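The lines below spell out each chain.
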Amino acid sequence: PPRGGGGGAVSYQLQVPDHIVPAILGRAGAVVKEMMEMSGATIKVSQKGEFAPGTNNRIITISGSQHQASYAHQLVSAKIPQM
């Protein structure tokens, strides 16, 4: 897909509790794939067992143009139950 649109590339990192990750990924990655298609951003989730230091949180990295990444950030955040 063509890159660009909406300024330079940006990248966000979110920490998400391990038990929430399946809701973000979906079956065989279907949900995360849909979020990437909708936003145009790249969404990467750290491997199972790969946590942010000192936590049980997996790291989600969102990257793309400013617009793509902020839209993807909203989509991912909507899947995380508010604490």
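Everything numeric here is computed off the predicted structure, so don't read it as measured data.

Glancing now at unusual backbone geometry. Positive phi, normally seen in glycine, also occurs at A28, with a value near 55°. Checked against the element boundaries, A28 lands in the loop between α1 (21-25) and α2 (30-39). Residue A28 is classed as exposed on the basis of its relative accessible area of 78%.

Turning to the nonpolar core, a few remarks are in order. If you look at the biggest cluster of nonpolar residues, it comprises 17 residues, and the most contacted ones within it are V16, I24, M35, I43, I60, I62 and V76. Secondary structure elements with two or more residues in this core: β1 (9-17), α1, α2, β2 (42-45), β3 (57-65) and α3 (66-78). Top contributing element to this core by residue count: α3, with four residues. Setting aside chain neighbours within four positions, we find I62 in contact with V10, S11, Y12, L14, A41, T42, I43, A69, A72, H73 and V76.

Positionally, H73 belongs in helix α3. Since its relative accessible area comes to 26%, H73 is described here as partly exposed. Spatially, the C-alpha atom of H73 lies 9.2 Å from that of A41, the residues being 32 residues apart in sequence. Beyond its immediate sequence surroundings of up to four residues, H73 is in contact with Y12, L14 and I62.

Bringing α3 into the picture now. Counted at 1.5 Å a residue, the expected span for α3 with its 13 residues is 18 Å, and the 18 Å between its end C-alpha atoms agrees. Residues Q68, A69, A72, L75 and V76 constitute the buried set of α3. The arc that holds the buried residues of α3, viewed along the axis, is 120°, so those residues lie on one side. Exposed side of α3, more than 90 degrees from the buried face: H67, Q74 and A78 are the residues found there. Where α3 is buried, its residues meet β1, α1, α2, β2 and β3.

Bringing the sheet that holds β2 into the picture now. Judged by pairing direction, the sheet is antiparallel, and its three strands sit side by side in the order β1-β3-β2 without closing on themselves. Each having just a single partner strand, β1 and β2 make up the two edges of the open sheet. Between one strand and the next, the sheet's axes are offset by a mean angle of 15°, whatever the strand orientation. In the sheet, β2 pairs with β3 via four bridges, with the strands oriented antiparallel. Looking across to β3, one finds that T42 is bridged to S63.

About the criteria used
- Residues numbered from 1 in each chain as written.
- Predicted model: local features only at pLDDT ≥ 70, side-chain atom pairs only at ≥ 80, totals over all residues.
- Heavy atoms only, no water.
- Helix = DSSP H or I, 4+ residues; strand = E, 2+ residues; numbered from the N terminus.
- Buried < 20%, exposed > 50% of the residue type's maximum accessible area, 1.4 Å probe, protein only.
- Core = buried A, V, L, I, M, F, W, Y, C linked by side-chain atoms within 4.5 Å.
- Contact = heavy atoms within 4.5 Å.
- Expected span 1.5 Å × (residues − 1).
- Arc of directions from axis to C-beta.
- Pairing = 2+ DSSP bridges.
- Axes fitted to C-alpha atoms, helices over the stretch in contact; angles between N-to-C directions.

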